Amino acid sequence: MTGALLELDDLHVEYPARRGTVRAVNGVSLRLERGMTLGLVGESGCGKSTAGQAILQLIQPPGRITGGRIVFEGRDMRDLSPEALRRLRGDRIAMIFQDPTSTLNPVMPVGAQIAELFRWHRSGVDGAEIRRRVVALLARVGIDEPERRVRSYPHELSGGMRQRVVIACALALDPALVVADEPTTALDVTVQAQILELVRDLQTERGTAVLLISHDLGVIGEMCDRVAVMYAGVIVESGAVDDILERPRHPYTIGLVASRPRIGQPDQDIRPIPGSVPDLAKLPTGCAFHPRCALADEACRNVTPALRTIGAQAVACHKAV
Amino acid sequence: MDIESGLARFWRTLRRSPKGMTGFALIALALGIAIAAPLLAPHDPSRQVIAWRFLPPLWEDGADPAHVLGGDDLGRDIFSRVLLGARVSIAVAIVVVALAMTIGSVLGAIAGYFGGMLDTLIMRLAEFQLAFPFLLLALMFMAVLGPGFYTLVTALTVALWVNFARVVRGEAMKIRPLEYIEAARSIGVPTWRIVLGHVLPNVFPSIVVLATLDVALVIIAEAALSFLGLGVQPPTPSWGMMISDGRDFLYEAPWMVLGPGVAILGTSIGINLFGDFLRDTYDPRLERP
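Calculation criteria
Residues numbered from 1 in each chain as written. Chains lettered and ligands numbered in written order. Predicted model: local features only at pLDDT ≥ 70, side-chain atom pairs only at ≥ 80, totals over all residues. Helix = DSSP H or I, 4+ residues; strand = E, 2+ residues; numbered from the N terminus. Buried ≥ 20, exposed ≤ 12 C-beta atoms within 10 Å, placed from the backbone. Axes fitted to C-alpha atoms, helices over the stretch in contact; angles between N-to-C directions. Parallel < 35°, antiparallel > 145°, perpendicular 65-115°, else oblique. Left-handed = near helix turned anticlockwise from the far one by under 90°. Contact = placed C-beta atoms within 7 Å. Nonpolar A, V, L, I, M, F, W, Y, C, P; charged D, E, K, R; others polar. Core = buried A, V, L, I, M, F, W, Y, C linked by C-beta atoms within 7 Å. Domains from an automatic or database assignment. Pairing = 2+ DSSP bridges.

### Looking at the overall build of chain B
A count of helices and strands for chain B gives ten helices and zero strands. Shown N-terminal to C-terminal, the secondary structure of chain B runs as helices and strands in the order α-α-α-α-α-α-α-α-α-α. Taken along its principal axes, the extent of the C-alpha atoms in chain B is 75 × 50 × 30 Å. Counting the 289 residues in chain B, one finds 42% classified as buried.

Structure (structure tokens):
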């Protein structure tokens, strides 16, 4: 049986806070097939990063996963022992973080940081061979003079170079899945394009599946096969990326797509979505989006909509057609 | 560049830094004296000669050129005693600081990284230790273990580890939530390695500075304990004990404290300068000129 590489089933993550329990992820289900790219898009604070961290079991206490399953390569990540989890991380599943400046240890040469992967996952590889592989990786991610750069400290590299190092770390052992949490947000626009291209090339070359977390529909449209739109801890719409961007059906997705500036259509207004993301500790009743939605009626205020299939996509909205 | 070894690079950086060079020279001098003391000393440091009693040093009237720093209250040659005293003082300082630094840093890193029960346990222990008068503690050790070098080292280590534990704990708590620690976890680095290999090196600059300050502190504390009869026993000389002895004759024979005093001062300054230089050179977070 060939199941999905990663399957999230009704995932719940909560953070206790003084103002009440923050339901950062409130019943998310996702499927990601081998070698594919799934985009997870949404505004700041919608729970998309938390969902990404939950996959690798990196939720920091007091936050915790309160329900659901995270099935990766047929095993529920939540059932793994700490040691089994450690073996999986970096080897089969890896993560690229948003800000390469804070992702790299400032007092460790970058080569040594990549070498950690071989050290803790490939114990048979000796020092000289590790060094050779690290140099090869740095060269592969487009770093000049890799023999010299292995000994550089992060502050001696530019932002783009640092993110290349982070990518080298994530892909060093050919993981089946990379969770990329806003990998280009902290970078210059010109560098962004280079980094995305690098990720895509490596992905094609190695058959890696990518879960790309981003607020940027442009990036999502460029990189992904499928996309899931998240709002207030739940998925409100998901489907093939072209369908979602061309024919969004959930009012929130319609708003997101409309609020995106486009080159070549200068006359088109950018229409922001009124209001802001609800407090995740005090979610509205019914559909979480109803206070900001022009179509909302009595049913939306009282009944939480379930995902249903409309056309080629799944939408969680009473009004969508 | 590439063929140059780490040691060669270190030496080149050191030679360019007046601060580092001064510190290095002073430490080398102190260590050299400690090692070669029996060869360098012109007299037996324990030999008492009535005629040498309160003998003034070279720069005072009535000095004897054979006794550069004069004689003490028991008629012993002070210069020889300063040279021999380097052995005990420096050995105690190095051993105590190394032990306290290792124990304190590891416990502090564990407390700061894991938090919760471990943190409570370690820090309550530290507070108990802080609340307990140091001399009382030292006397307890003396009563149980008997006076001597190892008792001295144990008592001082027990007194000093708290300094390191508290500093390192605070820093570890600051570092723990940072993204590069999460990143290290995300690539499957074992927890013990994260604490020792990723958190501790980030705290290292603070530890080095603290350690250099503590070396001077230990040399002085050794004096206090030796004075109480807890430390090394006479006739073995130590700088601290010589200052204690000289205190009673500060007006009549100020040169009795001068020799050991200058020795302690020089060694402390040397270690502090060298510690500063190490931090400037090896903390990659500081911008280099």
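After that view of the structure, there is still more to cover.
### Things to note about the packing of helix α2 (residues 18–40) of chain B against helix α3 (residues 78–114) of chain B
Residues and elements named next belong to chain B. At their nearest, the axes of α2 and α3 sit 7 Å apart, and the two run at 135° to each other. Taken as axis vectors, α2 and α3 run oblique relative to one another. Read as a crossing pair, α2 and α3 show a hand that is left-handed. Packed against α2, whose contacting residues are A30, L31, I33, A34, A37 and L40, the element α3 presents L83, L84, A86, R87 and I90 at the interface. Along the lines of polarity and charge, the residues of the contact of α2 with α3 split into ten nonpolar, no polar and one charged.

### Overview of the nonpolar core
Residues A168, L211, V229 and Y231 of chain A are the most contacted members of the largest nonpolar core, which totals 165 residues. The element contributing the most residues to this core is α3 of chain B, with 19 residues. When residues of this core are sorted by domain, at least three fall in each of domain 1 (6–92 + 175–315) and domain 2 (100–174) of chain A. Each residue touching A168 of chain A, except ones within four places of it in the same chain, is listed here: I114, L137, L138 and V141 of chain A.

### Structural notes on the sheet that holds strand β6 (residues 93–96) of chain A
All names here are of chain A. The mixed open sheet is built from eight strands, whose spatial order is β6-β7-β8-β3-β9-β10-β12-β11. The sheet terminates laterally at β6 and β11 (308–310), the two strands that pair on one side only. Here the strands of the sheet are splayed against their neighbours by 20° on average, with no regard to which way each runs. Pairing between strand β3 (residues 37–41) and strand β9 (residues 226–231): four bridges, direction parallel. Across the sheet, residue G39 finds its bridge partner in β9, namely V227.

### Regarding the interface of chain B and chain A
Facing 17 residues of chain B, the contacting portion of chain A comprises 26 residues. Those elements that place two or more of their residues in the side of chain B that touches chain A are α7 (179–186) and α8 (191–227) of chain B. In terms of residue count, the dominant contributor to the side of chain B that touches chain A is α7 of chain B (six residues). Split into classes, the residues belonging to the side of chain B that touches chain A amount to nine nonpolar, four polar and four charged.

### Describing the sheet that holds strand β4 (residues 64–72) of chain A
Residues and elements named next belong to chain A. The sheet built from four strands is open, its strands ordered β2-β1-β4-β5 with antiparallel pairing. Of all strands in the sheet, those with a lone pairing partner are β2 (20–32) and β5 (75–76), marking the two edges. In terms of strand pairing, β4 meets β5 through two bridges, oriented antiparallel. Residue F72 lies in a different strand from β5, and its bridge partner there is R75.

### Concerning the pairing of β9 of chain A
Note on strand geometry: in a regular strand, side chains alternate between the two faces of the sheet. Residue and element names in this part refer to chain A. Counting buried positions along β9 gives six out of six residues, so the element sits mostly inside the fold. With burial as the criterion, each face of β9 is covered, one bearing R226, A228 and M230 and the other bearing V227, V229 and Y231. In this structure, β9 lies alongside strand β10 (residues 234–240), joined through six bridges in antiparallel fashion. Paired with M230 across the two strands is I235, which belongs to β10. In textbook terms, the turn of a hairpin is the stretch between consecutive antiparallel strands, and for β9 and β10 this stretch comprises two residues, one of which, A232, has a positive phi near 50°.

### Examining unusual backbone geometry
Residues and elements named next belong to chain A. Of the consecutive residues P61 and P62, the connecting peptide bond is found in the cis state with omega at 10°. Here P62 lies in the loop between α1 (48–55) and β4. Even without a glycine there, the phi angle at Q57 is positive, about 60°. Note that Q57 resides in the loop between α1 and β4. Among the residues examined, Q57 registers 18 C-beta atoms within 10 Å and is labelled partly exposed.

### Details of the environment of R292 of chain A
All names here are of chain A. Mapped onto the fold, R292 is located in the loop between α11 (251–258) and α12 (298–302). According to the C-beta neighbour criterion, R292 is partly exposed, with 18 such atoms within 10 Å. Separated by 158 residues in sequence, R292 and V134 have C-alpha atoms that sit 50 Å apart. Once residues within four sequence positions are removed from consideration, R292 is found in contact with I273, P274 and G275.

### A few points about helix α9 (residues 239–247) of chain B
The element α9 of chain B is extensively covered by neighbouring structure, given that seven of its nine residues are classed as buried. When we look at burial in α9 of chain B, the residues that qualify are W239, G240, M241, M242, I243, D245 and G246 of chain B.

### Re the domain arrangement of chain A
Residues and elements named next belong to chain A. Taken domain by domain, chain A holds domain 1 (6–92 + 175–315) and domain 2 (100–174). Relative placement of domain 1 and domain 2: their C-alpha centres are 29 Å apart. The partner domain 2 presents 14 residues to the 15 residues of domain 1 that form the contact. For the side of domain 1 that touches domain 2, the element with the highest residue contribution is helix α8 (residues 189–206), accounting for seven residues. Considered class by class, the residues forming the side of domain 1 that touches domain 2 number ten nonpolar, three polar and two charged.

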